[in-house]
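Coordinate inspection notes
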Amino acid sequence: MTGAAAGPWGDVLISGVGMTSFAHNADRSVLSLALQACRAAVADAGLEACDIDGIVNYSLYGDSVPSVAVAGGLATGELNYVMEFNLGGQAPAFMVMHAAMAISNGLADHVLVYRALKGRSGNRIGRHLDAGGGTDFRRFAGLTSYPQVIGSWIARYLHETASTDEDLGALVLAQREYAVRNPRALRRTQLTLDQYLAEPYITSPLRRHDCALEVDGAAAIVVSRASSAVELGRPRVGLRGGVWSSRHTDLDYGGSYLWPDYSECFAVNAAPRLWKQTGLRPSDIDVAEIYDCFSGLALMNLEGFGFCGRGEAGDFIRSGATRIDGRLPVNTHGGLLAEGYLHGMNTVIEGILQARGDAGANQVSDVERVLVCSGGRVAGSVIVLEANG
Amino acid sequence: MSDLFFDRVHLDQLPPPVPDEDSQPYWSGLARGVLVFQRCGQCSRSWFPPMPRCPHCGSDSAVFEESSGLGTIYTFTVTEYVFHPAFADRVPYAIVTVDLDEGPRVHVPLRGYDPAVGVTIGARVRLDVEHVGGMDLPVATAEP
């Protein structure tokens, strides 16, 4: 296939990516992290900061820096488009869609998307407890931290699907295999199933290896109008399509009082629309970069998007299907579990690198289409990236 | 020896609730020893937590009702790690997600959790209110 992808954003390319290294305690400010990643992404796109005319970003509980500061620090030109979202892990794929929308609607030519945070040494979002609002109804139950919310979901998933701790472990081990080969990853020691199972629960049925590793860092992506993008002699990455889905939400994302079935996630709502919009099927996807803030949510995502049957994700992984030479390599950076929790923006970047053939030791051969999803419970977004040769 | 769940929770280390126009009936209900939820006068469906309008049909005819406290464990997590210092002397403790017989789903701690017995999805529980440290908070206990 040549030229930009068909579909709603046929005139849009993902032109550049940039990331800081991931650290437990970065020795610089969140703004400095953001600027480092953004400068790298702009350079990777073959652009100058003055070419950037749009910025899209998200933060949660004020943990990032606003677009005004980033625009100032980068010395961009006049901005024609900005959008700041108050969102979490549902956001990264949606940010790319949003940048594409701004371009497709003629509002901007080169939109910078970024996520920056000190998720480890600073504001740990999983432990955020604002008084008032939704947390008032769960804080006193001892439901003070995100792993506990997810533990409840995954316990129901295991119950409903007759899945087991070994299935969760299969995902953790499979992703670790990629992380061992990924110099950016923070958890790079291969695990055995016995070692995994020997760890105690922190909150059942989750062990520490089932939880993403919070980090300090930043990641940035440049989305460009295809006709304005710089030709860099590498495969161009188009955006075949994407959807957002949220349903049955209530006062905050931690309660999930109204979501009926904790054994499935937003993917069951997003998938039919994604496949209809793109005209694709799960078998058309070559690589899947799946949101995995916690192991079990990645299993639900794999099942929800139809890559395997309900309750079959553990067997699917054990069959070798998600390995680098399998029929659907999954989370080729090691996932948020092992590379680090840059809130899923790093997962989008891994998908882009796979589509353009720049994924290093974990590069999958002959990648045409990559599915990237963000989010794993009541809300999320998903995009399909397409390598355009 | 008391077997109240909240006896070993340092409630003063948790941010206090901030009742507002929507949630005040919930806190007032607990002070009376009951858990309240809302039901829609239009579509008859029920829900929790308190919201100004029905999240099922959008109607503004929400009416507060008192729950019997009886329900079924939908799911649970047993927390071993001290995520918050308020619970440092409470671990391990079980948080159960309960589907009340009246419909709404709530998250409450399980009083009398015994690691040797564990927690069973589908088990019946009864919710009641503990009065500890100047607060009134819901807990679940296993129904015999």
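Nothing here was measured: the structure is a model prediction, and the numbers come from that model.

Looking now at the pairing of strand β11 (residues 379-387) of chain A. Residues and elements named next belong to chain A. In terms of residue burial, β11 counts as a mostly covered element, since nine of its nine residues are buried. Taking every second residue as pointing to the same face, both faces of β11 are buried, with Ala379, Ser381, Ile383, Leu385 and Ala387 on one and Gly380, Val382, Val384 and Glu386 on the other. For strand β8 (residues 237-246) and β11, the ladder comprises nine bridges, and the chain directions are antiparallel. In the strand pairing of β11, Leu239 is matched with Leu385. Here strand β10 (residues 369-374) pairs with β11 via six bridges, running antiparallel. Across the sheet, the residue bridging to Leu371 is Val384, located in β11. The hairpin formed by β10 and β11 contains four residues between the paired strands, and Gly375 there has a positive phi angle of roughly 105°.

Turning next to the confidence of the model for chain B. The pLDDT averaged across chain B works out to 96; a share of 99% of its residues lies at or above 70. Interface confidence for the predicted complex, expressed as ipTM, amounts to 0.97; the pTM equals 0.96.

What follows is about empty space enclosed by the protein. Scanning all chains against the criterion turns up five cavities of 30 Å³ or more. Here the largest cavity is characterised by a volume of approximately 120 Å³. Residue lining of the largest cavity: 13 residues in total, with Ser15, Val230, Leu232, Arg234 and Arg236 of chain A positioned closest to the centre. Counting residues per element, the lining of the largest cavity draws most heavily on strand β1 (residues 12-19) of chain A, which supplies three residues. In terms of residue class, the lining of the largest cavity is built from eight nonpolar, one polar and four charged. Where the lining of the second largest cavity is concerned, the elements lending two or more residues are α1 (24-31), β6 (105-109) and β8 (135-142) of chain B. Looking at the lining of the second largest cavity residue by residue, the classes come out as nine nonpolar, one polar and three charged.

All names here are of chain A. If you walk through the whole model with that rule in mind, you get 28 salt bridges over all chains. In this structure, Arg225 and Asp109 form a salt bridge, with 2.7 Å as the shortest nitrogen-oxygen distance. Separated by 116 residues along the polypeptide, Arg225 in strand β7 (residues 216-225) and Asp109 in the loop between α3 (92-104) and β4 (110-118) bring together distant segments of the chain. Three or more residues are tied together by salt bridges with common partners; here these are Asp44, Arg234, Arg356 and Asp358.

Cut-off values and rules
Residues numbered from 1 in each chain as written. Chains lettered and ligands numbered in written order. Predicted model: local features only at pLDDT ≥ 70, side-chain atom pairs only at ≥ 80, totals over all residues. Heavy atoms only, no water. Buried < 20%, exposed > 50% of the residue type's maximum accessible area, 1.4 Å probe, protein only. Helix = DSSP H or I, 4+ residues; strand = E, 2+ residues; numbered from the N terminus. Pairing = 2+ DSSP bridges. pLDDT = per-residue confidence, 0-100. 1 Å grid on protein atoms, 1.4 Å probe; cavity = no way out; pocket = protein on both sides within 12 Å on 5 of 7 lines; lining within 4 Å. Points joined across faces, edges and corners; volume = space filled by probe spheres on them. Nonpolar A, V, L, I, M, F, W, Y, C, P; charged D, E, K, R; others polar. Salt bridge = Lys/Arg side-chain N within 4 Å of Asp/Glu carboxyl O.

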